[in-house]
Amino acid sequence: MRSTTPFRRAAGILASAGLLAAGTLALDGPARAAVPEFTLGGPAETALHPYPATGTPQKATLGLTVTNPSEDVENGVFDGEYTVRFDFGKLAGVADVSFGERGGLDCERTGTTAVCHDYGIWPGLSTLAELDVTAAEGSEDGDSGTFAVTAEAEGATFKAFTARVSIGGPDLSMKRLPFRTELKPGDAQPVPITFTNNGTRAAEGVLLTLRNTRGMEFTERYQNCEYSEDDLGMGSPGAWTTALCTFPGSYEPGATYTLAEAPVIRATEHAFYDSFLYRIAEDGTDARAALRAGARFSSGKGATLALRRSPAPRSADLEPDDNQQDVDFRTDNSADFAAYGDKADGAAGDTVDVTVGFRNQGPAWVGYIRSGEDVATVDVTVPEGATVLTKPASCRGVTKDGQYREDQTAAPRYVCPTPMSVREDADFALPFRLRIDKAVTGASGAVVVRNPFLQDPELRFDPAPANNTASLVLNAADSGATAGQSASGGSTATGGSTGGSGDTGATGSGSAGSSSAGTTGTGGTTGSASGGSGGGALASTGTVALAASGAALVALLAGGVLFLSSRRRATR
């Protein structure tokens, strides 16, 4: 069975694949695990193109899912067999349904019902089945019906799912705009949003979603739009700005509409690798609630953004895949990552706390939105005579030459990956606790911020590599020495963070890590076993753990809900 986890946090976009409470423990008698409750799901409504006068009807694919609420990826698998029942009786004369190729169900169909079997449900959101749906011969525009999905298993319960299928409806299609994508800070260009209703019925009110990453901004915030700034899985607060703009009225089939005055988007002084997406959908409480989930919105105070009908020529959208367009911008800019170290004194047997890391001195923020790879790695060499007792959870012990190390106890070197984005004002602070086993005067270790790929350490966006290295010193011979200075003499702060740590928690030196093979990303860097993936936080803006896997994170909208792209394959 294939497992698919939606853009959440995107959801993010962002709606996340929510985790459900797994129940409670019995209050009397021996404690035992609660019976898990799984949730069946899918699109609440699917619109079909009407049955054609000639030719074959156009097919829509309806994906059904099952959610296992367990957060334990290793041990939360439900291993038992389960039975799924489909009742298509209320679709008679409205739509014809058949089972697609995806999903692992073994089904036996009788008339308008089907009984299916499978086993094993992995934590998170998984594909249950795909249904191929077409308008039934003799159906008419406006017809609708529902079908129900239930399931049962020994030792588990399931929340049933009911979906509506309708014939006809609006089909809002967004025109792709010809943006200039190679920019300099300060470059601005209009965004003349234009869409067409290719459907069979009018859209009663439309909702325009504009979403841009941190390096881009609109020059005005409009009265009929509400705005939020969110992480959306990028590992940096305010990585994305979202505008939800509402337009009442009736938007007729066959008509094209454009903004009466095009808003202007501009590359800021922090721009580097950035993305912008624009989406149109029929307005409605459900659509707006899904996009607003988990975010704080505030209203704009500028002019009112208006739509007008171009001279050219409340249901589910007939073709939701063409509601959205997106574009990537590359701005000629740079980011200066400056490493800092620390110093401490102690006798043999003492424990000392140190904080090392780097600060982004700007001017650009760096976000690898498409690839989802780590922006950089902080490489920490432990001073002679000391042992690491605790470390940030994202850091992984490696050998002295930076290679994979199975034993995480008392490693001579640690690599600590950043999230997939680093703000222009970020302080990536990493707290370590060391035990001094042997007091060595002037024992010095290195703190290096580098590309995650050990064999290609250069940060291509950094114009000042001289300050990418600092020192971690124990029992300095000269008490006036500044351990935070870089190897080249460039001054950096000592003692580390201005408001938090580079991770959400620390682990003992015996905690296991895992190697990660990265993929080539927007910035041209490549991950390796020495770099790892995930974890990390930006201290100057709060401690925020990376909320998504290393999969591509560009915000994709599906069914009116934003999802983070994160996939894993369940084994049978």
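Use the structure listed above.
Engineer: Would you mind showing me how to read the pairing of strand β23 (residues 273-282) here?
Structural biologist: Successive side chains on a regular strand alternate, one facing one side of the sheet and the next facing the other. Across the 10 residues of β23, 10 count as buried, placing the element largely inside the fold. On β23, burial covers both faces: Tyr273, Ser275, Leu277, Arg279 and Ala281 on one face and Asp274, Phe276, Tyr278, Ile280 and Glu282 on the other are all buried. Pairing geometry for strand β17 (residues 203-213) and β23, over seven bridges, is antiparallel. Its bridge partner lying in β23, Thr209 is registered against Arg279. Bridge count for β23 against strand β26 (residues 324-331) is seven bridges, and the pairing is antiparallel. Counted as the bridge partner of Tyr278 is Gln325 from β26.

Engineer: Which parts of the structure should I look at to understand empty space enclosed by the protein?
Structural biologist: The probe, sized like a water molecule, is rolled over the atoms to show the empty space still left. Approximately 40 Å³ is the volume attributed to the largest cavity. Lining the largest cavity are Val354, Val380, Val382, Pro383, Val388, Tyr414, Phe432, Leu434 and Leu472. Broken down by class, the residue content of the lining of the largest cavity amounts to nine nonpolar, no polar and no charged. In this structure, the second largest cavity occupies an estimated 30 Å³ of space. Lining the second largest cavity we find Leu210, Phe218, Glu220, Tyr222, Cys225, Tyr227, Ala243 and Cys245. Along the lines of polarity and charge, the residues of the lining of the second largest cavity split into seven nonpolar, no polar and one charged.

Engineer: Is there a simple way to think about the nonpolar core in this case?
Structural biologist: Most often, soluble globular proteins have nonpolar side chains that are buried together. If you look at the biggest cluster of nonpolar residues, it comprises 40 residues, and the most contacted ones within it are Phe337, Phe432 and Phe461. At the level of secondary structure, the elements contributing two or more residues to this core comprise β27 (335-340), β29 (351-363), β31 (377-381), β32 (386-392), β34 (413-417), β36 (427-436), β37 (443-450) and β38 (469-474). Top contributing element to this core by residue count: β36, with five residues. If near-sequence neighbours (up to four positions away) are discounted, Phe461 is found in contact with Phe272, Ser334, Ala335, Phe337, Val366, Tyr368 and Val375. Residues Leu40, Leu62, Leu105 and Ala156 belong to the second largest nonpolar core, which totals 35 residues.

Engineer: I would appreciate a short explanation of the state of the cysteines in the present structure.
Structural biologist: Put plainly, a disulfide is one covalent bond tying together the sulfur atoms of two cysteines. Tallied over the full model, the rule gives three disulfides. Sulfur-sulfur distance for the disulfide between Cys225 and Cys245 comes to 2.0 Å. Negative torsions about the S-S bond denote left-handed disulfides, and the value of about 110 degrees found for Cys225 with Cys245 makes this one right-handed. Here Cys245 lies in strand β20 (residues 240-251) and Cys225 lies in strand β19 (residues 225-230), a separation of 20 residues in the sequence. Side by side, Cys225 and Cys245 carry an identical accessibility label, which is buried. Here Cys395 is linked by a disulfide to Cys416, with a sulfur-sulfur distance of 2.0 Å. For the disulfide bridge between Cys395 and Cys416, the dihedral angle about the S-S bond is near 115 degrees, and by the sign convention the bridge is right-handed.

Here is what the cut-offs are and how they apply
- Residues numbered from 1 in each chain as written.
- Predicted model: local features only at pLDDT ≥ 70, side-chain atom pairs only at ≥ 80, totals over all residues.
- Heavy atoms only, no water.
- Buried < 20%, exposed > 50% of the residue type's maximum accessible area, 1.4 Å probe, protein only.
- Helix = DSSP H or I, 4+ residues; strand = E, 2+ residues; numbered from the N terminus.
- Pairing = 2+ DSSP bridges.
- 1 Å grid on protein atoms, 1.4 Å probe; cavity = no way out; pocket = protein on both sides within 12 Å on 5 of 7 lines; lining within 4 Å.
- Points joined across faces, edges and corners; volume = space filled by probe spheres on them.
- Nonpolar A, V, L, I, M, F, W, Y, C, P; charged D, E, K, R; others polar.
- Core = buried A, V, L, I, M, F, W, Y, C linked by side-chain atoms within 4.5 Å.
- Contact = heavy atoms within 4.5 Å.
- Disulfide = S-S within 2.5 Å.

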